[in-house]
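Structural features, examined
What follows is the residue order along each chain.
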Amino acid sequence: MQSIDLAVCGAAPAFTDPLHVGRPNVGNQERLMRRIQDVIESRWFSNNGPRVQEFEREAARLLGVRHFIAMCNGTIALEIAIRAAGLRGEVIVPSFTFVATAHSLQWQEITPVFCDIDPATHNIDPAQVENLITPRTTGIIGVHLWGRPCNVAALEEIAGRRGLGLLFDAAHAFGCSRQGTMVGNFGRAEVFSFHATKFLNTFEGGAVATNDDELAKRIRLMKNFGFAGYDNVIYPGTNGKMTEMSAVMGLTGLESIDEFVATNRRNHQHYSSGLADLNGIAIAAYDPSEKSNYQYVILEVDEQAAGLSRDELVSVLHAENILARRYFFPGCHRMEPYRSHFPNAHLMLPNTTALARRVLALPTGSAVGADEIAVICRILRTALRHPAAVRSTLSRLEEVECRATVGR
Ligand code: T4K
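Conventions used here
Residue positions are counted from 1 within each chain, in the order its sequence is given. The model is predicted, so local features are restricted to residues of pLDDT at least 70 and side-chain atom pairs to those at 80 or more, both for listing and for counting; the totals for chains, interfaces and linings are taken over all residues. Neither water nor hydrogens contribute to the side-chain values; these are computed over all heavy atoms in the structure. The near set for a molecule or strand comprises every residue that places at least one heavy atom within 4 Å of it. As used in this structure description, the phrase polar contact means that two N or O atoms lie within 3.5 Å; if the pair is within protein, one of them must be able to donate a hydrogen and the other to accept it, and residues adjacent in sequence are counted only when both atoms belong to side chains. Per-residue and other accessible areas follow the Shrake-Rupley method at a 1.4 Å probe size, with only the shown protein chains counted as cover for residues. Here a helix means four or more residues in a row that DSSP labels H or I, a strand means two or more in a row labelled E, and each is numbered from the N terminus. Angles shown run from 0 to 180 degrees and are taken between the N-to-C directions of axes, each axis being a line fitted to C-alpha atoms and, for helices, limited to the stretch in contact. Any angle from 65 to 115 degrees is called roughly perpendicular, while one under 35 is roughly parallel, one over 145 is roughly antiparallel, and all others are oblique. Two helices that cross are described as forming a left-handed crossing if the nearer one is turned anticlockwise from the farther one by less than a right angle, and a right-handed crossing if clockwise. Any two residues whose heavy atoms approach within 4.5 Å at even a single point are treated as in contact. In this count, Pro and Cys sit with the nonpolar residues alongside Ala, Val, Leu, Ile, Met, Phe, Trp and Tyr, while Asp, Glu, Lys and Arg are called charged and the others, Gly among them, polar. Here the term buried applies to any residue with accessible area under 20% of the maximum for its type, exposed to any over 50%, and partly exposed to those in between, with areas from a 1.4 Å probe on protein chains only. Criterion used throughout: strands pair if DSSP finds at least two bridges between them. Residues belong to a common nonpolar core when they are buried Ala, Val, Leu, Ile, Met, Phe, Trp, Tyr or Cys residues joined through side-chain atoms within 4.5 Å. A patch consists of residues whose relative accessible area exceeds 30% and which take part in no salt bridge; residues with like charges are grouped when within 9 Å of each other, and nonpolar side chains (Val, Leu, Ile, Met, Phe, Trp, Tyr) when within 5 Å. Salt bridges are counted wherever a side-chain nitrogen of Lys or Arg sits within 4 Å of a carboxyl oxygen of Asp or Glu.

**What about the site of the ligand?**
- Around the ligand, 26 residues are found, and the nearest of them are R23, T75, D169, R325 and Y327.
- Contact distances for the ligand include 3.4 Å between an oxygen atom and a backbone N or O atom of G22.
- One nitrogen or oxygen atom from the side chain of H195 is found 3.3 Å from an oxygen atom belonging to the ligand.
- When isolated, the ligand has an accessible area of 920 Å², and the protein chains bury 77% of it.
- Elements with a minimum of two residues in the shell around the ligand: α3 (74-84) and α4 (100-106).

Okay, structure coming up:
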């Protein structure tokens, strides 16, 4: 049999160290270390300290939004925004998202009602939203998946007409715009994540952005136990505060944000040209007329046309130490407790089901450059040139693995 230069076929892996999808961006390390030192010397670590306030001011300025409330992570920020906006009963959300979107509702006994996506945008399909509204529905949460904003106008129209609260999970969309307006300004509020793997990170972190003064006031109380001043609690709250250490990471990242975007955009272009003209392979594009953070390189695999499935390509890449991810497989509706609550949800989610089988995320960010991307593209091209041989090798490997497991 002809030898194929792929690790699954017996060649040495292309990378000795794993290449990750979500390697953190750091920015200027010297400035970061100085700021960390300052925090330690100041002995002020939390509770709305000066660095958190500075981070909030800088981020609000960048987004052109009235209120930017920093928090300890995106999930708590979502929970607080949902509660502060008064959502309860049922809320319509896409299933094709990170499970935190659904959990932030379920955690407070609000039922997430899963809506299908538009296969062209991967975002919630406004045309499907209306079919899911019941007397218990109080809101809609759109997710700007991969940083590509939802059809905000259509969702606003439905929410306005049906008297529903509209929030956005903007975990992927810091620094992105829609029709010239920065994400952070849509709906009643938008929620960001600054998790380590995000384009801008604060180790762990999140924020709510809103132009609604009343809502912002409530959110600030909620994230600080309901304290309106010393010894004065006027609201049931939780602990959603961001630490000073997180804020200095965020401030340092903000200073390099243009560089992060440039790197991501360059990586995206390298992948796009390196994988152009391959049958059955498409890269999710960003609108060049908008601001985008180019945070994700998302490959869509049409198994029929490509000759290999998404999962087979993931196996090929993993064997090379390229840790591509199947975001957001299998869809929230197939995770617990939703799978048990709504065993037939898939009947309403054909586009979600199809896309969850087709999509994979490739390594990008400042930890990868043109050389690594050239190798990744070469591997994908090689695999796709020999689909039959790769498929039979993979099924042989699977059989061996299966026999080993049975024998254990
Ligand atoms: N809504 C949406 C739409 C979201 O995508 C997320 C988070 C949220 C809400 C909630 O926001 P947070 O509460 O997280 O702030 C990761 C992140 O943990 C998660 O924050 C993120 N979405 C999601 C898309 O990705 P996993 O399960 O993929 O994480 P993990 O540990 O497998 O890491 C991903 C890759 O990054 C790996 O290849 C390892 C690498 N990595 C990871 C960390 C933590 C590093 O190289 N360095 C690191 O420090 O969820």
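**Some remarks on the packing of helix α1 (residues 29-42) against helix α8 (residues 244-255)**
- Look at α1 against α8: their axes get within 9 Å of each other, and the N-to-C directions meet at 155°. As far as their axial angle goes, α8 and α1 are roughly antiparallel. Pair α1 / α8 crosses with right-handed handedness. In this structure, α1 contributes R31, L32, R35, I36, V39 and I40 to the contact, and α8 contributes E244, M245, V248, M249, L251, T252 and E255.
- Tallied by class, residues from the contact of α1 with α8 come to eight nonpolar, one polar and four charged.

**Structural notes on the pairing of strand β10 (residues 206-210)**
- Here β10 lies mainly inside the structure; five of its five residues are buried.
- By the bridge criterion, five bridges tie strand β2 (residues 67-71) to β10 in an arrangement that is antiparallel. Along β10, the bridge assignment pairs H67 with T210.
- When strand β9 (residues 189-193) meets β10, the two strands line up antiparallel, connected through four bridges. Directly across from F192, in β10, lies its bridge partner A207.

**Points about the nonpolar core**
- Of all hydrophobic cores here, the largest spans 61 residues; its most connected members are F55, F68, W146 and F174.
- Broken down by element, this core gets its largest block of residues, five residues, from helix α2 (residues 50-63).
- F174 has contacts with A59, L62, L63, F68, F192, F194, F199, L200, L254, I257 and N293, leaving out every residue within four places of it along the chain.
- Core analysis: the next-biggest nonpolar cluster, separate from the first, contains 34 residues, L19, L299, A306 and V390 among them.

**Remarks on the sheet that holds strand β14 (residues 297-301)**
- The strand order across the open sheet formed by three strands is β13-β14-β16, and the pairing between neighbours is antiparallel. Unpaired on one side and paired on the other, β13 (281-283) and β16 (359-362) mark the two borders of the sheet. Across the sheet, the axes of successive neighbouring strands diverge by a mean angle of 30°, strand direction being ignored.
- Pairing of β13 with β14, which is carried by three bridges, proceeds in the antiparallel orientation.

**Structural notes on the sheet that holds strand β5 (residues 137-143)**
- One open sheet holds the seven strands; their spatial order is β2-β10-β9-β6-β5-β3-β4, and the pairing between them is mixed. Two strands in the sheet have a free side with no partner beyond their single neighbour: β2 and β4 (111-115). Strand-to-strand twist of the sheet, defined as the mean angle between neighbouring strand axes without regard to direction, takes the value 25°.
- Taken together, the five bridges between strand β3 (residues 90-94) and β4 define a ladder with parallel strand orientation. Directly across from E90, in β4, lies its bridge partner T111.
- The strands that helix α6 (residues 152-162) touches are β5 and β6 (165-169); relative to β6, the one it contacts most, it runs at about 150°.

**Describing the environment of P135**
- Along the polypeptide, P135 turns up in the loop between α5 (126-129) and β5.
- For P135, a relative accessible area of 87% puts it in the exposed group.
- P135 sits 46 residues away from G89 along the chain, and the two C-alpha atoms are 9.0 Å apart.

**Overview of the environment of L299**
- Of note, L299 is situated in strand β14.
- Since its relative accessible area comes to 0%, L299 is described here as buried.
- Taking the C-alpha atoms as reference points, L299 and I110, separated by 189 residues in sequence, lie 33 Å from one another.
- Setting aside residues no more than four positions away along its own chain, L299 makes contact with L275, I281, A282, I283, R358, V359, L360, L362 and L380.

**A word on a nonpolar patch on the surface**
- Judged by side-chain polarity, F225, F227 and V233 come together as a nonpolar surface patch covering roughly 250 Å² of accessible area.
- Take V233: it is sitting in strand β12 (residues 232-233).

**Some words on unusual backbone geometry**
- In this model, Y327 is joined to F328 through a cis peptide bond whose omega is -10°.
- Looking at where F328 falls in the secondary structure, it is placed in the loop between β15 (322-323) and α12 (338-341).
- Its identity as a non-glycine residue notwithstanding, E109 has a phi of 55°, on the positive side.
- Turning to its location among the elements, E109 is positioned in the loop between α4 and β4.
- Taking relative accessible area as the criterion, E109 reaches 73% and is therefore assigned exposed.
- Positive phi, close to 70°, is recorded for H122, a residue that is not glycine.
- When you line up the elements, H122 lands in the loop between β4 and α5.
- On the basis of relative accessible area, H122 is assigned to the buried category, the value being 1%.

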